[in-house]
Structures are given as structure tokens and as C-alpha cells.
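Read off the chains here:
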Amino acid sequence: MLVDRYVGDRALLRPLFREADDSEQQIDTYLDLGAVFVAEDDGEIIGHLQLITANDTAELKSMAVAESRRGTGVGRALVQAALEHCRQNTATRLLVATAAADVGNLRFYQRQGFRVLRVERDAFVASTGYPDGIVIDGIPLRDRVWLSHDLSGES
Ligand SMILES: CC(C)(COP(=O)(O)OP(=O)(O)OC[C@H]1O[C@@H](n2cnc3c(N)ncnc32)[C@H](O)[C@@H]1OP(=O)(O)O)[C@@H](O)C(=O)NCCC(=O)NCCS
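Each chain has its residues counted from 1, running along the sequence as written. Thresholds applied to this predicted model are a pLDDT of at least 70 for local features of residues and 80 or more for the giving and counting of side-chain atom pairs; totals over whole chains, interfaces and linings are not thresholded and use all residues.

Examining the overall build of the protein chain
The helix count covers DSSP runs of H or I at least four residues long, the strand count covers runs of E at least two residues long, and both are numbered beginning at the N terminus. Tallying secondary structure elements over the protein chain gives four helices and nine strands in all. For this measure, only C-alpha atoms enter the radius of gyration; the expected value for a globule follows 2.2 Å times N^0.38, where N is the number of residues. Here the protein chain has a C-alpha radius of gyration of 15 Å; the compact-globule value for 155 residues is 15 Å, and the two agree. Expressed as lengths along the three principal axes of its C-alpha atoms, the size of the protein chain is roughly 40 × 35 × 30 Å. Looking at the 155 residues of the protein chain, the share that counts as buried comes to 28%. Considering only intrachain contacts with a sequence separation of at least 6, the fraction spanning at least 24 residues in the protein chain is 64%. Buried, partly exposed and exposed are defined by the number of other C-beta atoms within 10 Å of a residue's own C-beta, namely 20 or more, between the two limits, and 12 or fewer respectively, with C-beta atoms placed from the backbone. Contact criterion: two residues are in contact if their C-beta atoms, reconstructed from the backbone, are within 7 Å.

A word on the nonpolar core
Buried Ala, Val, Leu, Ile, Met, Phe, Trp, Tyr and Cys residues whose C-beta atoms connect them within 7 Å together make up a nonpolar core. Counting residues in each nonpolar core, the largest one holds 33 residues, and the members touching the most others are Phe37, Leu49, Leu60, Leu78, Ala82 and Leu94. When contributions to this core are tallied by element, the ones reaching two or more residues are helix 1 (14–20), strand 2 (35–41), strand 3 (44–54), strand 4 (57–65), helix 3 (74–88), strand 5 (93–99) and strand 9 (144–150). No other element matches the six residues that helix 3 contributes to this core. When near neighbours in sequence (up to four residues on either side) are disregarded, Leu78 contacts Val3, Phe37, Ala39, Gly47, Leu49 and Met63.

With respect to the sheet that holds strand 1 (residues 2–5)
One bridge is not enough; two strands pair if DSSP finds at least two bridges between them. A sheet is described by the order of its strands in space; here seven strands give the open sequence 1-2-3-4-5-9-6, paired in mixed fashion. With one partner strand each, in any of the chains shown, strand 1 and strand 6 (115–120) form the two edges of the open sheet. Taken pair by pair, the neighbouring strands of this sheet meet at an average axis angle of 25°, ignoring direction. Pairing of strand 2 with strand 3, which is carried by seven bridges, proceeds in the antiparallel orientation. Paired with Phe37 across the bridge in strand 3 is Leu49. Each axis is a line fitted through C-alpha atoms, and for a helix only the stretch in contact is used; angles between axes span 0 to 180 degrees, taken between their N-to-C directions. Lying over the sheet, helix 3 contacts strand 1, strand 2, strand 3, strand 4, strand 5 and strand 9, oriented at roughly 30° with respect to strand 3. Contacts from helix 4 (residues 103–111) reach strand 5 and strand 9 within the one sheet, and its direction differs from that of strand 5 by about 165°.

Points about the site of the ligand
Whether a residue is near a molecule or strand depends on its C-beta atom, placed from the backbone, lying within 6 Å of it. Contacts to the ligand come from 18 residues, most closely from Ala64, Arg70, Gly75, Arg76 and Gly104. Among the secondary structure elements, those contributing two or more residues to the shell around the ligand are helix 1, strand 4, helix 3 and helix 4. Here the element with the most residues in the shell around the ligand is helix 4; it accounts for five residues. Lys, Arg, Asp and Glu make up the charged group, whereas Ala, Val, Leu, Ile, Met, Phe, Trp, Tyr, Cys and Pro make up the nonpolar group; the residues left over, Gly among them, are polar. For the shell around the ligand, the class distribution of residues is six nonpolar, seven polar and five charged.

Quick look at helix 3
With 15 residues, helix 3 should cover 21 Å at 1.5 Å per step; its first-to-last C-alpha distance of 21 Å lies within 8% of that length. Positive backbone phi, at 50°, marks Thr90, one or two positions downstream of helix 3. Expected helix span is given by 1.5 Å per residue-to-residue step, counting one fewer step than there are residues.

Overview of the pairing of strand 6
Little of strand 6 is tucked away: zero of the six residues are buried. With five bridges joining them, strand 6 and strand 9 adopt antiparallel strand pairing. Following the sheet pairing, Glu120 is matched in strand 9 by Arg144.

Considering the environment of Ala123
Secondary-structure assignment places Ala123 in the loop between strand 6 and strand 7 (135–136). Its 17 C-beta neighbours within 10 Å are what place Ala123 among the partly exposed residues. Separated by 19 residues in the primary sequence, Ala123 and Arg142 have C-alpha atoms spaced 6.2 Å apart. Once you skip the residues sitting within four places of it in the chain, Ala123 turns out to touch Asp143 and Arg144.

Right under this line is the structure:
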């Protein structure tokens, strides 16, 4: 498995972006922004990660691993590549936001060294493209949790 910068047509990655975000309306606003890294195995794209950088802060805006390949370290490798890119570009922190309802994602990001920063209540609402009734792990999709990975203290 290889992780590399993606320079192809972003539209081809939309199915993976959809795995990470239930709102087509939101995906339209950021699909073409920033840098995208992909994990490839035998020429097949099995995961993606999008980084959007402003000043010294980078945001991990979207990431997903093909369902059949989850739990095998692909996500971890993508986050490591993103952190390395941040270090090389002197970003001092990497932010990520995820649904409070998605306890699996909260575990995944904390296992990669992120720490909880703040909670944005009622971030996922119909007016931003998230219809009522979406439930994850039995929890209604409602609040957004921001996490950060601080790179400034690294030697
Ligand atoms: C989140 C996601 C990218 C993780 O990728 P992955 O390749 O499955 O993760 P890895 O195999 O590298 O796992 C790394 C660690 O996180 C843990 N982890 C990953 N997904 C997890 C989940 N859903 N629940 C609990 N733990 C999880 C793994 O068990 C592993 O833990 P360990 O270090 O204790 O062994 C993947 O599950 C995914 O594509 N989810 C759907 C899209 C999505 O929700 N994207 C994020 C939007 S914010």
C-alpha cells in the first residue's frame, strides 16, 4: 500500500468523500480545495484524505477508507502522511471535525494523537444539507466535535 498526493480529477473521488459526509451540498463547497492524498493498493485507490491549509493551521477536511479495507491501518497511514505534510510546510496544528454521534471516529482520531478542542452544538441541520433523522450508532446526528493535533511542541 502506498500513500501519495492525488493530482487527478477530484470528481472521481466523490464516492469516498460521500463516505465521510452525508451532505452533497457541503461536499460541493470543498471538493476542489486544498491537497488530497490517496492510499493505493495494486493501482486501486482504497482511501483518501483532504487537507486544507490556512496560515499555520491545516484542517483534515475529509477522509475515508473503502469499507472492505477498514481496520487494516490504511486510515492511520493517511493521517501519518498528512502530519508529515504539515511538518514539512511548518503548520503548527492539524484540526479535524467529526460528528459527536460517531464514537468510532472519535476513537480513531484520538488513537492518532488528536485531542478534543471544542463542541459545536446543532452543527448538522437541514439548512446545511443534513436532513433530520440521520442516526449513527444509535445517536442522532446533531453536534460536531473539533479535535486538534498540536505540532508546535515537537522537536
Ligand atoms: C475513520 C476511518 C477513516 C478509519 O480508517 P481505518 O483504515 O479503518 O483505520 P485504521 O485501520 O488505520 O485504524 C487505526 C486505529 O483506529 C481504530 N478505529 C478505526 N476505525 C474505528 C471505528 N470505526 N471504531 C473504533 N475504532 C476504530 C482502529 O481500531 C485502530 O485502533 P488501534 O490503533 O487501537 O489498533 C474509516 O473507518 C472510514 O473510512 N470511515 C467512514 C468514513 C468516515 O467516517 N470518515 C471520517 C469522517 S470525519
